[in-house]
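Report on the structure
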Amino acid sequence: MAFRLGSESRGFKHSGNVKFIRTPLEKGTVAEARHDNVVAIDIKVRPGSAMEKKAVKHELAHIEQMESGRASYGENWVMWEGKIYIRENGIIDGPNGRWPEGDPNHPWEAEAIQAEKQ
């Protein structure tokens, strides 16, 4: 799940076994949470910056969603709370309609956006 800038808040918990790496990411992606408890941060994001801190909070919320079993993903799908939604060409046909990946209308993104201000 890729991070897109947002402006809401939510608390979260995670196991603490998260590894952070810096790597080039797809254009427009600041950071992403991965299944293996890795948060990848784009190399263009300045270490210690407000953007990095916001991205880390957002992605840790996604890690918590995956650890709890509420969320998962594959190349062409996203699972949210036990239901599979198709992902194709950057669009997810999710529970609230067809929206681009990272859109706050997806419930998993709305929660992660909430976490950014915590």
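In short, a report on the structure. (Residues numbered from 1 in each chain as written. Predicted model: local features only at pLDDT ≥ 70, side-chain atom pairs only at ≥ 80, totals over all residues. Heavy atoms only, no water.)

1. Remarks on the pairing of strand β4 (residues 71–74)
Of the two faces of β4, the one carrying Ala71 and Tyr73 and the one carrying Ser72 and Gly74 are both buried. The pairing of β4 with strand β5 (residues 77–80) spans four bridges and is antiparallel. Its bridge partner being in β5, Ala71 is matched across the sheet by Trp80. Linkage of β4 to β5, two consecutive antiparallel strands, is achieved through a turn of two residues. (Buried < 20%, exposed > 50% of the residue type's maximum accessible area, 1.4 Å probe, protein only. Helix = DSSP H or I, 4+ residues; strand = E, 2+ residues; numbered from the N terminus. Pairing = 2+ DSSP bridges.)

2. Points about the packing of aromatic side chains
Applying the stated criterion across every chain yields a total of two aromatic pairs. For the pair Trp80 and Trp108, a centre-to-centre distance of 5.9 Å together with 55° between the ring planes defines the contact as tilted. Placement of Trp80 in strand β5 and of Trp108 in helix α2 (residues 107–115) is noted, with a sequence separation of 28 residues between them. Each ring, one from Tyr85 and one from Trp108, has its centre 6.5 Å from the other, and the planes form 35°; the classification is tilted. With Tyr85 in strand β6 (residues 83–88) and Trp108 in helix α2, this pair connects stretches of sequence that are 23 residues apart. Accessibility assignment for this pair places Tyr85 and Trp108 in one class, buried. Three or more aromatic residues joined by ring pairs make a cluster, and in this case those are Trp80, Tyr85 and Trp108. (Phe/Tyr/Trp six-rings, centres within 6.5 Å; stacked < 30°, edge-to-face > 60°.)

In short, shape yes, function no, at least from these values alone.
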